[in-house]
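In case you want the letters, here they are:
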Amino acid sequence: MLKARQIIGKYRILGRIATGPLADVYSAQDTIQKVKVALKIPKSSYHMGHEEFLHEVRVATKLRHPNILAVLNASYIDKLFVIAMELGDESLADRVKRRMSTTSALDLAGQALAAMAHAHENKIIHCDIKPENFILFPDNQLRLADFGFAKLNLRT
């Protein structure tokens, strides 16, 4: 587990955002570009290799859409595989805990559907659709993240 203020490559860790069974996600400052990013780092106890994370990066970088979270960089830093992504404000799971208007809810649903439709048009099935995998950005912009379990649809 990384600590706040720790440096990894060009990134200064600000804090941990989320933890899952396979990886931790941290907020970090890119010390060169001076922007905040999210870093996804596989847990060291995860021994199945990094193929799933390489797959996630390869799938996500094929999809260019305003409602899909962009991968900014992926590399090995200090023997850790690090995926740098855009840093949002909160997950949809956190946002739905507070009241919202019907208009806002329908807008978010439409953005979620647009992201999934774009992936499907590119023959990619996400396979892990849940509120935690949608990230909110300023101006109620929603982006789909975490393509780690995505499958390629080879049927025509």
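Numbering of residues starts from 1 in every chain and runs along the sequence as written. In keeping with the predicted nature of the model, local features appear solely for residues at pLDDT of at least 70, side-chain atom pairs appear and are counted solely at 80 or more, and the whole-chain, interface and lining totals rest on all residues. Based on all heavy atoms of the structure, the side-chain values leave hydrogens and waters out of the count.

**Observations regarding unusual backbone geometry**
Piece 1. One non-glycine residue with positive phi stands out, namely Asp-78, at about 50°.
Piece 2. Where helices and strands are cited, they refer to DSSP runs of H or I of at least four residues and of E of at least two residues respectively, numbered from the N terminus. With respect to the element layout, Asp-78 can be found in the loop between β5 (71-77) and β6 (80-86).
Piece 3. Relative accessibility decides the category of a residue: with a 1.4 Å probe and only protein chains considered, values under 20% of the type maximum give buried, values over 50% give exposed, and everything between is partly exposed. Using a relative accessible area of 60% as the deciding quantity, one classes Asp-78 as exposed.
Piece 4. Residue Asp-139 is not a glycine yet carries a positive backbone phi of 65°.
Piece 5. Within the element layout of this structure, Asp-139 appears in the loop between β9 (134-137) and β10 (141-144).
Piece 6. Under the relative-accessibility criterion, Asp-139 is labelled exposed at 79%.

**Observations regarding the sheet that holds strand β7 (residues 90-91)**
Piece 1. Two strands qualify as a pair provided that DSSP identifies no fewer than 2 bridges between them. A sheet is described by the order of its strands in space; here three strands give the open sequence β7-β9-β10, paired in antiparallel fashion. Either end of the sheet is taken by a strand with one partner, and the two such strands are β7 and β10.
Piece 2. The sheet contact formed by β7 and β9 spans two bridges and is antiparallel. Each residue of the ladder has a partner; that of Ser-91, found in β9, is Ile-135.
Piece 3. By definition, residues are in contact when any of their heavy atoms lie within 4.5 Å. To define axes, lines are fitted to C-alpha atoms, for helices over the stretch in contact only, and angles between the resulting N-to-C directions are given on a 0 to 180 degree scale. Across the sheet, helix α3 (residues 102-121) touches β9 and β10, and the angle it forms with β10 is around 35°.

**Regarding the side chain of Gln-111**
Piece 1. In this structure, Gln-111 sits in helix α3.
Piece 2. Side chain to side chain, Gln-111 and Asp-107 meet in a polar contact 3.0 Å long.
Piece 3. We call two N or O atoms a polar contact when they sit within 3.5 Å, provided that within protein one can donate a hydrogen and the other can accept it, with sequence-adjacent residues counted only if both atoms are side-chain atoms. From its side chain, Gln-111 meets the backbone oxygen of Asn-140 in a polar contact 2.9 Å long.
Piece 4. Setting aside anything within four residues of it in sequence, one finds Gln-111 in contact with Asn-67, Asn-140, Gln-141 and Leu-142.

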